[in-house]
Amino acid sequence: MPFEFEKTPFEGIVAIRIKSFEDNRGSFAELYKKSDFYKAGINSDFTQENISISCSKTLRGMHWQAYPHSQAKLVYCLSGNILDVVTDLRPTSKTFLKTFMIKLSPCEGFNALYIPEGFAHGFAAFTQSAVLYRTTGEYCPQAERGFRYDDPLFAIPWDLPFTPILSKKDNERKALSKDFPGDLR
């Protein structure tokens, strides 16, 4: 099997190693194979695919699509080295308002992450990076939500060795109130 799936302490989040096959021409890898993903319990129907190319020291996040436009994501780090971060916004979850972090890179360790609906997502690029992600719903501007990467409610331990470069929108995001009810109601 060209994939290794590893469950995480967060219900539904799966870290994935994608095996690359190399020869004198370069390399080849399968990014997705429905039957293998279904066997691993990932049975999402992906409807949109996006790619972001980020300069070194870029931070993108924290974003999600609000219910009923929630999205599951399959995130791939195609090049570079990122710290991928997800925060659980599901009010009935044991990990509600907690954060899961994992380094993704095509050269070492895990290079993909499955994130179910109900999570905010973001990442910090340590090097120039290409991140491809598939979503289970199409982008809906009216459902776009986000919070500041340094929101005290979550106290995400980014521990970055640099001051992150943010988009104007991410830089202007507000912190969520301490009585934030979550999403997926």
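Residues numbered from 1 in each chain as written. Predicted model: local features only at pLDDT ≥ 70, side-chain atom pairs only at ≥ 80, totals over all residues. Heavy atoms only, no water.

Peer 1: How should I be thinking about the pairing of strand 8 (residues 82-88) in this particular structure?
Peer 2: Put simply, side chains in a regular strand alternate between the two faces of the sheet. In terms of burial, strand 8 is a largely internal element, seven of the seven residues being buried. Across the two faces of strand 8 the burial is the same, with Ile 82, Asp 84, Val 86 and Asp 88 and Leu 83, Val 85 and Thr 87 all buried. Of the strand pairs in this sheet, strand 8 and strand 9 (residues 99-104) are connected by six bridges, and their pairing is antiparallel. Bridge assignment links Val 86 to a residue of strand 9, and that residue is Phe 100. Bridge analysis of strand 8 against strand 11 (residues 119-125) gives seven bridges, and the strand direction is antiparallel. Paired with Leu 83 across the strands is Ala 124, a residue of strand 11. (Buried < 20%, exposed > 50% of the residue type's maximum accessible area, 1.4 Å probe, protein only. Helix = DSSP H or I, 4+ residues; strand = E, 2+ residues; numbered from the N terminus. Pairing = 2+ DSSP bridges.)

Peer 1: Just checking my understanding: could you explain the environment of Ala 125 for this structure?
Peer 2: Tracing the sequence through the fold places Ala 125 in strand 11. Along the backbone, Ala 125 and Val 75 are 50 residues apart, and their C-alpha atoms lie at a distance of 14 Å. Aside from chain neighbours lying at most four places away, what touches Ala 125 is Ser 54, Cys 55, Ser 56, Lys 57, Thr 58, Asn 81, Ile 82 and Phe 162. (Contact = heavy atoms within 4.5 Å.)

Peer 1: I keep staring at the nonpolar core and nothing clicks. Help me out?
Peer 2: Soluble globular proteins tend to pack their nonpolar side chains together in the buried interior. Within the largest apolar cluster, 18 residues are counted, with the highest numbers of intra-cluster contacts made by Met 62, Trp 64, Phe 147, Ile 156 and Trp 158. Residue assignment for this core shows that the elements contributing at least two residues are strand 6 (59-65), strand 8 and strand 11. Of all the elements, strand 6 adds the most residues to this core, at three residues. Among residues more than four places away in sequence, those in contact with Ile 156 are Met 62, Val 85, Thr 87, Thr 99, Met 101, Phe 147 and Tyr 149. (Core = buried A, V, L, I, M, F, W, Y, C linked by side-chain atoms within 4.5 Å.)

Peer 1: Whenever I open this one, the sheet that holds strand 7 (residues 73-79) confuses me. Can you help?
Peer 2: If you walk across this open sheet you meet the six strands as 1-2-10-7-12-5, and the pairing is antiparallel. Across the chains shown, the open sheet's two edge strands, defined by having one partner strand only, are strand 1 (3-7) and strand 5 (48-54). Taken over all neighbouring pairs, the strand axes of this sheet differ in orientation by 20° on average, direction set aside. In terms of strand pairing, strand 7 meets strand 12 (residues 129-135) through six bridges, oriented antiparallel. Counterpart to Tyr 76 in the pairing with strand 12 is Leu 132. (Axes fitted to C-alpha atoms, helices over the stretch in contact; angles between N-to-C directions.)

Peer 1: Honestly, the sheet that holds strand 9 in this entry has me stumped. Any pointers?
Peer 2: Pairing between sheet strands relies on hydrogen bonds along the backbone, with the strands arranged either parallel or antiparallel. The strand order across the open sheet formed by five strands is 9-8-11-6-13, and the pairing between neighbours is antiparallel. Here the strands that pair on one side only, and so sit at the sheet edges, are strand 9 and strand 13 (144-146). Taking each pair of neighbouring strands and ignoring which way they run, the sheet shows an average axis angle of 25°.

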